[in-house]
Amino acid sequence: MSDTSLDGGAPGAVAPGAMAAPVSVVVRRTLKAGARADYEGWLRRVTPILAGFDGHMGTTALWLSEREVVLVFRFATLDALLVWERSEQRAALLAEVAPLTEGEVGFERLTGLEAWFRMPSAGPGAGPPPRWKMALLTWCAAFPTIQLLNAALGPVLTPLPTLVRGAVVGAALVFLLTWVIMPRLAAFAAPWLASRVPTDTTRREATFPVAPAAVHALLADPRRLTEIHPLIDSVNVSFDGEEAGVRVIRFTVVELIPIGPFRLRNHLRGEARWASLAEMELTGWSRPGVVVRSHWRLNAVAAGTYAVQRVDVEAPWWVAGFVFRTARAAHAALLERVRARLEK
């Protein structure tokens, strides 16, 4: 794999005036399984090194999923960026991160206002989002900022001529939007802007001191989810049979999701499929557009059963963070409850 960015890249044609304009560099990587902690440690080393270069204006990491990360950093001018790209520090850091990634590294260099909306793009070369989305997000940032600036600066600027007051407020607005507000707001709204569904994947392994048949008996029946899943309050099975040689169970679930001191009652429908004694997939669907897929693989070992659980979660961008955190905590607790049941 060749990585020509961190990130930077081979300098291409430069538009007139771009040498003096602020530049944003966007680098997308896919990490190897289990490499997130090492990559985050690498990021902690990168940030202060980048900050030591003249013209550096900030660094942001955007996690699209457990293994997909976008690194965005900004320089005041292209000349300042080129100093970083040609530095020995960058070359050493690229060599460090290469073993943590797989596939091709996506790279974009953006100037001006396009960086607001294309930083969180779905991939290299992706076009900007629809104009109405850009307009709506810009209004959401600009309107309250203007109100706050007028309230904060109004009393101070009152003695000045109208044109001078407008120039000062306008300059403050542009500065805040370009370097403070829009990069963060665009990152938060990235999945909505790019029309991609946020996903989160976790993988856990465990060894249980019982045969696979005992683990299968506990996991195969959705009715027993009330015993092992910390959020599930009740289960109602509507179908239990075979389809094309695969055991299928369809059911509905009532969950009690903690939100501070309260419990939100959530209804979902689910389906469990056992292709064999050793492999199961359980899928749950609930509003608003949340999908949870839990895949189990059981292998007999000398100590009993070696189990691998992979959980894939999809959720709308505006609830993704909460859904992902809740699902991670719930499935970690589920694994511990399964262990406790089987070790009795």
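Here we summarise the structure given alongside this text. What you are looking at is a predicted structure, and each value in this text was computed from that prediction instead of being measured.

## Observations regarding the pairing of strand S9 (residues 279-286)
Then, number 1: For strand S8 (residues 262-276) and S9, the ladder comprises eight bridges, and the chain directions are antiparallel. Residue Arg-273 lies in a different strand from S9, and its bridge partner there is Glu-281.
Then, number 2: Between the antiparallel neighbours S8 and S9 lie two residues.
Then, number 3: Hairpin connection of S9 to strand S10 (residues 290-301): three residues between the antiparallel strands, including Gly-289 at a positive phi of 75 degrees.

## A few points about the pattern of salt bridges
Then, number 1: Per the stated rule, a full pass over the model turns up 21 salt bridges.
Then, number 2: The residue Arg-224 makes a salt bridge to Glu-227 at a minimum N-O spacing of 3.2 Å.
Then, number 3: What makes Arg-224 partly exposed here is its relative accessible area of 28%.
Then, number 4: The closest approach of N and O atoms between Arg-250 and Glu-243, which form a salt bridge, is 2.9 Å.
Then, number 5: Residue Arg-250 is classed as partly exposed on the basis of its relative accessible area of 27%.
Then, number 6: Within the structure, one salt-bridge network assembled from shared partners comprises Arg-36, Glu-40, Glu-66, Asp-200 and Arg-328.

## Observations regarding the packing of aromatic side chains
Then, number 1: What the rule picks out here adds up to four aromatic pairs.
Then, number 2: Their ring planes at 85 degrees and their centres at 5.1 Å tell us that Phe-53 and Trp-84 sit as a pair that is edge-to-face. On the criterion of sequence distance, the pair formed by Phe-53 in the loop between helix H1 (36-51) and strand S2 (56-63) and Trp-84 in helix H2 (residues 78-85) is long-range, its members being 31 residues apart.
Then, number 3: We classify Phe-53 as buried; its relative accessible area is 14%.
Then, number 4: The class for Trp-84 is buried, based on a relative accessible area of 0%.
Then, number 5: Between the aromatic rings of Phe-73 and Phe-75, the centroid separation amounts to 5.9 Å while the plane-to-plane angle is 85 degrees, which identifies the pairing as edge-to-face.
Then, number 6: By relative accessible area, which is 0% here, Phe-73 ends up buried.
Then, number 7: Given the relative accessible area of 0%, Phe-75 is considered buried.
Then, number 8: In this structure, Arg-250 is placed above the aromatic ring of Phe-239, and the distance from its NZ or CZ to the ring centre is 5.3 Å.
Then, number 9: In this structure, Arg-269 packs its charged tip against the face of Trp-285, placed 4.6 Å from the ring centre.

## Thoughts on the packing of H1 against helix H3 (residues 88-97)
Then, number 1: H3 packs onto H1 with a crossing angle of 175 degrees between their chain directions and a minimal axis gap of 11 Å. For the element pair H1 / H3, the angle class is roughly antiparallel. Within the contact between the two elements, H1 uses Tyr-39, Trp-42, Arg-45, Val-46 and Ile-49 and H3 uses Gln-89, Leu-93, Glu-96 and Val-97.
Then, number 2: Residues of the contact of H1 with H3, tallied by class, amount to six nonpolar, one polar and two charged.

## Some remarks on the layout of surface pockets
Then, number 1: Roughly 630 Å³ of volume is contained in the largest pocket.
Then, number 2: Taken together, 38 residues make up the lining of the largest pocket; nearest its centre are His-229, Leu-231, Glu-255, Leu-268 and Val-292.
Then, number 3: Broken down by element, the lining of the largest pocket gets its largest block of residues, seven residues, from helix H10 (residues 320-342).
Then, number 4: Grouping the amino acids of the lining of the largest pocket by side-chain chemistry returns 25 nonpolar, 10 polar and three charged.
Then, number 5: Each pocket or cavity is described by its volume, and for the second largest pocket that value is around 420 Å³.
Then, number 6: Contributing to the lining of the second largest pocket are 20 residues, with Trp-63, Leu-64, Ala-320, Gly-321 and Phe-324 lying nearest its centre.
Then, number 7: For the lining of the second largest pocket, the secondary structure elements donating two or more residues are S2, helix H6 (162-188), helix H7 (190-194), strand S5 (199-208) and H10.
Then, number 8: A per-element tally of the lining of the second largest pocket places H10 first, with five residues.
Then, number 9: Residues of the lining of the second largest pocket, tallied by class, amount to 11 nonpolar, three polar and six charged.

## A short note on a nonpolar patch on the surface
Then, number 1: On the surface, a cluster of nonpolar side chains totalling about 320 Å² of accessible area is made up of Met-57, Phe-175, Trp-179 and Val-180.
Then, number 2: The dominant element in the nonpolar patch, judged by the number of residues it contributes, is H6, at three residues.
Then, number 3: Relative to the elements of secondary structure, Val-180 occurs in helix H6.
Then, number 4: Exposure remark for Val-180: the relative accessible area of 32% places this residue in the partly exposed category.

Cut-offs and rules
Residues numbered from 1 in each chain as written. Predicted model: local features only at pLDDT ≥ 70, side-chain atom pairs only at ≥ 80, totals over all residues. Heavy atoms only, no water. Pairing = 2+ DSSP bridges. Helix = DSSP H or I, 4+ residues; strand = E, 2+ residues; numbered from the N terminus. Salt bridge = Lys/Arg side-chain N within 4 Å of Asp/Glu carboxyl O. Buried < 20%, exposed > 50% of the residue type's maximum accessible area, 1.4 Å probe, protein only. Phe/Tyr/Trp six-rings, centres within 6.5 Å; stacked < 30°, edge-to-face > 60°. Lys NZ or Arg CZ within 6 Å of the ring centre and 35° of its normal. Axes fitted to C-alpha atoms, helices over the stretch in contact; angles between N-to-C directions. Parallel < 35°, antiparallel > 145°, perpendicular 65-115°, else oblique. Contact = heavy atoms within 4.5 Å. Nonpolar A, V, L, I, M, F, W, Y, C, P; charged D, E, K, R; others polar. 1 Å grid on protein atoms, 1.4 Å probe; cavity = no way out; pocket = protein on both sides within 12 Å on 5 of 7 lines; lining within 4 Å. Points joined across faces, edges and corners; volume = space filled by probe spheres on them. Patch = residues over 30% accessible without salt bridge, like charges linked within 9 Å, V, L, I, M, F, W, Y side chains within 5 Å. Areas by Shrake-Rupley, 256 points an atom, 1.4 Å probe, with all protein chains shown as cover.

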